[in-house]
Amino acid sequence: MAGRNDPNGTNRDIRDDFRAEIREFLGTRRSKITPEQAGLPVYGGERRRVTGLRREEVALLAGISSEYYTRLERGNATGVSESVIEGIAQALQLDEAERIHLNDLLRGAGTTRPPRRRPAQQRIRPAVQRVLDSMTGTPAFVLNGRGDILAANHLGRALFSPVYADPVRPPNNARFIFLDPHATEFFRDWNQVAGDAVAMLRAEAGRDLYDRRLTDLIGELSTRSEEFRHRWAAHNVRMHTTGVKLLHHPVVGDLDLPFETFPVGGAPSQFLLTYTAEPASPSQDALNLLASWAATDDDIERSTPADDSEPADSAESPD
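About the criteria used
Residues numbered from 1 in each chain as written. Predicted model: local features only at pLDDT ≥ 70, side-chain atom pairs only at ≥ 80, totals over all residues. Heavy atoms only, no water. Buried < 20%, exposed > 50% of the residue type's maximum accessible area, 1.4 Å probe, protein only. Helix = DSSP H or I, 4+ residues; strand = E, 2+ residues; numbered from the N terminus. Pairing = 2+ DSSP bridges. Salt bridge = Lys/Arg side-chain N within 4 Å of Asp/Glu carboxyl O. Phe/Tyr/Trp six-rings, centres within 6.5 Å; stacked < 30°, edge-to-face > 60°. Core = buried A, V, L, I, M, F, W, Y, C linked by side-chain atoms within 4.5 Å. Domains from an automatic or database assignment. Contact = heavy atoms within 4.5 Å. Axes fitted to C-alpha atoms, helices over the stretch in contact; angles between N-to-C directions. Parallel < 35°, antiparallel > 145°, perpendicular 65-115°, else oblique. Left-handed = near helix turned anticlockwise from the far one by under 90°. Nonpolar A, V, L, I, M, F, W, Y, C, P; charged D, E, K, R; others polar.

Under an unreviewed UniProt entry, the protein has the name Helix-turn-helix domain-containing protein and belongs to Streptomyces himalayensis subsp. himalayensis.

S.K.: Before we go on, may I ask you to explain the pairing of strand β5 (residues 270-275) in this structure?
M.R.: Look at any regular strand and the pattern is simple: side chains alternate between the two faces of the sheet. Taking burial as the measure, the 6 residues of β5 include 6 buried ones, the bulk of the element. The two faces of β5 match: Gln-270, Leu-272 and Thr-274 on one face and Phe-271, Leu-273 and Tyr-275 on the other face are all buried. Bridging between strand β1 (residues 140-144) and β5 involves 5 bridges; their strand directions are antiparallel. Each bridged residue has a counterpart across the sheet, and for Val-142 the counterpart in β5 is Leu-272.

S.K.: When you look at helix α5 (residues 82-91) in this model, what are you seeing that I'm missing?
M.R.: Because an α-helix completes one turn every 3.6 residues, residues spaced three or four positions apart along the sequence face the same direction. Within α5, burial applies to Val-84, Ile-85, Gly-87, Ile-88, Ala-89 and Ala-91. In the segment just after α5, Gln-93 is the residue with positive phi, at about 55°.

S.K.: Got a minute to help me understand the pattern of salt bridges in this structure?
M.R.: Between side chains of opposite charge, a pair can form as their charged atoms come close. In total, this model carries 16 salt bridges according to the counting rule given. Between Arg-55 and Glu-73 there is a salt bridge, with the nearest N and O atoms lying 3.1 Å from each other. With Arg-55 in helix α3 (residues 55-62) and Glu-73 in helix α4 (residues 66-73), this pair connects stretches of sequence that are 18 residues apart. On the basis of relative accessible area, Glu-73 is assigned to the buried category, the value being 2%.

S.K.: Got a minute to help me understand the packing of aromatic side chains in this structure?
M.R.: For any pair of aromatic rings, geometry is given as the distance between the ring centres together with the angle between the planes. Going through the model one piece at a time under the given rule, you end up with 11 aromatic pairs. With a centroid separation of 4.7 Å and 40° between ring planes, the pair formed by Phe-141 and Phe-160 is classed as tilted. Here Phe-160 lies in the loop between α8 (154-159) and α9 (161-164) and Phe-141 lies in strand β1, a separation of 19 residues in the sequence. Take Phe-160: its relative accessible area is 2%, and that puts it in the buried class. When the ring of Phe-160 is compared with that of Phe-186, the centres are 5.6 Å apart and the planes differ by 85°; the resulting orientation is edge-to-face.

S.K.: Explanation requested: unusual backbone geometry in the structure shown.
M.R.: Generally, phi is negative for residues other than glycine and the peptide bonds are trans, each holding for most cases. With omega at -5°, the peptide bond leading from Arg-169 into Pro-170 counts as cis. Positive phi outside glycine occurs at His-235, with the angle close to 60°. As for its placement among the helices and strands, His-235 is situated in the loop between α14 (226-232) and β3 (242-249). Taking relative accessible area as the criterion, His-235 reaches 4% and is therefore assigned buried. Of note, the phi angle at Ala-280 is positive, near 60°, even though the residue is not glycine.

S.K.: Hey, could you run me through the nonpolar core in this one?
M.R.: If you look at the biggest cluster of nonpolar residues, it comprises 75 residues, and the most contacted ones within it are Ile-88 and Phe-160. It is helix α12 (residues 190-207) that provides the largest number of residues to this core, a total of 8 residues. When we break this core down by domain, the ones giving at least three residues each are domain 1 (18-40 + 50-109) and domain 2 (126-302). Other than its neighbours up to four places away in sequence, Phe-160 contacts Phe-141, Ile-149, Asn-173, Phe-186, Leu-247 and Tyr-275. Counting 10 residues, the second largest nonpolar core, distinct from the first, contains Leu-132, Val-142, Leu-150 and Leu-272.

S.K.: Any chance you could explain the pairing of β3 here in plain terms?
M.R.: When β3 meets strand β4 (residues 253-263), the two strands line up antiparallel, connected through 8 bridges. Bridging from a neighbouring strand, His-249 pairs with Gly-253 of β4. Between β3 and β4, which follow one another and run antiparallel, lie 3 residues.

S.K.: Can you help me understand the packing of α3 against α5 in this one?
M.R.: A pair of packed helices can be characterised by two numbers: the angle between their axes and the separation between those axes. The contact between α3 and α5 brings their axes to 8 Å, and the two run at 120°. Comparing the axis directions of α3 and α5 gives the class oblique. The handedness of the crossing between α3 and α5 comes out as right-handed. Here Val-58, Leu-61 and Ala-62 of α3 come into contact with α5, specifically with Gly-87, Ile-88 and Ala-91. A breakdown of the residues in the contact of α3 with α5 according to their chemical character gives 5 nonpolar, 1 polar and no charged.

Take a look at the structure:
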């Protein structure tokens, strides 16, 4: 992450952070592809020191020289053409999320100065909150790329009441997943949820290594959770826009809830997350029961401050 070699951020070429990320990302992708998977011949007497592809094999598959690929993997991203990036993506069998992440890292390695950090405050427009509140039968949230829950409707706060139990605001999914002992009970598919959360944080880091709140969050999770450290080192990235979440709510029990995400217009780092249940299913019955409980439980409102947005911070410029 940013500043890994110089915590004070001084006397350091900021491109070094991106170069290190490129090296580690491409190295982990190479290790996942065997010669057989890549369609390369493997001879019986051949002794390999690596389980995945060698650099020269990636270069061969990408149609570039071994020297050029080695320089690129070391982070020398100056003047990399789209055709070269596409060749490497095909050689390493990158999916869409991994291709986007690689492009983000290459673009960052070509900069000469750190970008300005995103504005410290991420306000939810009143119209967006009204949309959330109008979805009375659907738990709905607005999150950012760090997994902060910036806003929710009443049923959403009821559904995620274990997450809102943390007094830190705004509530953060990744912090709950890795630091709260109740997370493994709340998320019945905790292993999948944990992997998705780390992969989304990794993708967000590729877009902006200099988001201070993101680096602070990753530093906190790395310090306090060995499970997070292990997953973070894998450099996996993922686009997680639809699926089914398996939850165990402390009041209504198990729910299997399909979810969808939608970008929030005018706020590139924010997205709307909604959960629904299959009609006439046990999950729909549980969701109805949850809505009834939420309508009579004042603790839900007391657990949520009037403003879920981030507190003001004067440090909006890079260190």
